[in-house]
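# Structural description and commentary
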Amino acid sequence: MKFVTAAGNCVNTGGPAVQASRLVDRRDTTPRQEFYFDFDREFTSARGYFRVLNIPRGIYSMTILADGFEVYQNDNLVVGPSRRTVLPRIRLKAAGGVIGYVYSSETDRPINDVTVRLANPQKTESEARRTALVTRTDYAGFFRLATAGAGTYVLEFEHPNYISTSFDQVNIRQRGTTDLGKIYLEAGGSVQGVVLDEAGYGVNWAKVRISGVSPEKSARTNSLGNYLLMGIRPGR
């Protein structure tokens with residue numbers, strides 16, 4: 001197998017530091033090959049220059065993440081057949097963002113590790129979930145998403161111990177930050193029990209699911225057949 005080099009230049013209006021980029025081999029290989037790289041300005045004075053060395057020729061998917069700019073995605077990036085592939089100049093579009101804090105409605109204390117998902121309601125459900133921007137709250141309950149294009153989004157909050165909450169009309173402005181302030185989550189109830197077989201022994205790894213809630217709440221039994229589901233909305 002011959003290895004080649006891919007290089008290019010990413011430009012924008014403000015010139016911020018790029019967090020990370022990913023080059024993923026789309027061919028059917030096992031294990032799947034993934035190449036992570038950062039924009040490295042030590043090799044050149046041209047801001048935004050990058051290169052990936054010693055990768056197989058093929059078709060790749062490139063993702064570029066930059067704070068304050070929309071996510072760049074190219075799913076048909078051809079590397080090769082020559083030893084050096086120079087990519088067309090990449091221009092990032094200015095984006096907007098959303099920030100806020102997530103608190104418990106019972107204790108008025110911040111909630112850590114809440115999954116925050118910003119999705120485009122104009123897309124199909126599967127596509128919206130695949131392309132959604134996702135982050136988690138820190139120990140202060142703070143979250144920040146800064147790579148969304150201008151538009152109206154659905155913002156979802158999920159935590160195992162709390163009832164999931166969503167906002168359907170979150171407006172994002174280009175080059176602006178939407179501050180949602182404090183968002184309160186309500187602690188849910190819990191359901192626990194044991195699953196036994198006909199002989200009275202616990203069933204291991206059985207899936208227990210609560211219907212009528214979104215997102216789905218499910219758990220697996222342990223070796224004794226015990227299960228515990230938390231964050232359940234009160235009801236029947």
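What you see is a predicted model, and the numbers here were worked out from it, not measured in a lab. (Residues numbered from 1 in each chain as written. Predicted model: local features only at pLDDT ≥ 70, side-chain atom pairs only at ≥ 80, totals over all residues. Heavy atoms only, no water.)

### Digging into the overall build of the chain
Our working rule: Helix numbering and strand numbering both begin at the N terminus, where a helix is a DSSP run of H or I of at least 4 residues and a strand a DSSP run of E of at least 2. Accessibility here uses a 1.4 Å probe with only protein chains present; expressed as a share of the type maximum, an area under 20% marks a residue as buried, one over 50% as exposed, and anything in between as partly exposed. Any two residues whose heavy atoms approach within 4.5 Å are treated as being in contact. With residues, only the protein chains shown are counted as cover, and all accessible areas are computed by Shrake-Rupley using a 1.4 Å probe.
In terms of helices and strands, the chain carries one helix and 19 strands. Taken across its 236 residues, the chain has 39% of its residues classed as buried. Sequence-distant contacts, at least 24 apart, represent 61% of the contacts inside the chain between residues at least 6 apart. Working note: accessible area of the chain is about 14400 Å², and carbon and sulfur atoms make up 47% of it.

### So, the sheet that holds strand β12 (residues 142-148)
Strand pairing in a sheet takes place through backbone hydrogen bonds and is either antiparallel or parallel in direction. Keep this limit in mind: Pairing between two strands requires that DSSP report at least two bridges joining them. Geometry is summarised by axes, namely lines fitted to C-alpha atoms with helices restricted to the contacting stretch, and by angles between N-to-C directions that run from 0 to 180 degrees.
In spatial order, the strands read β12-β9-β15; together these three strands make up an open sheet with mixed pairing. Two strands lie at the open edges of the sheet, namely β12 and β15 (177-185), each paired on one side alone. Taken over all neighbouring pairs, the strand axes of this sheet differ in orientation by 20° on average, direction set aside. Here strand β9 (residues 96-104) pairs with β12 via five bridges, running antiparallel. Within β12, the position partnered with I99 by the bridge is R144.

### Notes on the confidence of the model for the chain
Condition: Per-residue confidence from the predictor is reported as pLDDT, which spans 0 to 100.
Chain-level statistics for the chain give a pLDDT mean of 83 and a share of 81% at 70 or above. For the stretch residues 39-46, pLDDT sits under 50, and the model shows 16 contacts to residues farther than four places along the chain or on other chains.

### Concerning unusual backbone geometry
When glycine is set aside, most residues are seen to have a negative phi, and most peptide bonds are trans. Here G80 and P81 are connected by a cis peptide whose omega angle stands at 0°. Mapped onto the elements of the fold, P81 is located in the loop between β6 (72-79) and β7 (84-86). Within the chain, R175 stands out as a residue other than glycine whose phi angle is a positive 65°. For R175, the position within the fold is in the loop between β14 (162-172) and β15.

### Re the packing of aromatic side chains
The geometry of an aromatic ring pair is captured by two quantities: the separation of the ring centres and the angle between the planes. As a reminder, the rule being used: In summary, the pairing rule links any two rings of Phe, Tyr or Trp, Trp by its six-membered ring, whose centres are within 6.5 Å, and it sorts them by plane angle into stacked for under 30 degrees, edge-to-face for over 60 and tilted for everything else.
For the coordinates displayed, the defined rule picks out four aromatic pairs. When the centroid spacing of 5.6 Å and the interplanar angle of 70° are considered together, the rings of F143 and F157 count as edge-to-face. In this pair, F143 is assigned in strand β12 and F157 in strand β13 (residues 151-159), connecting sequence segments 14 residues apart. The burial state of F143 is the same as that of F157; both residues are buried.

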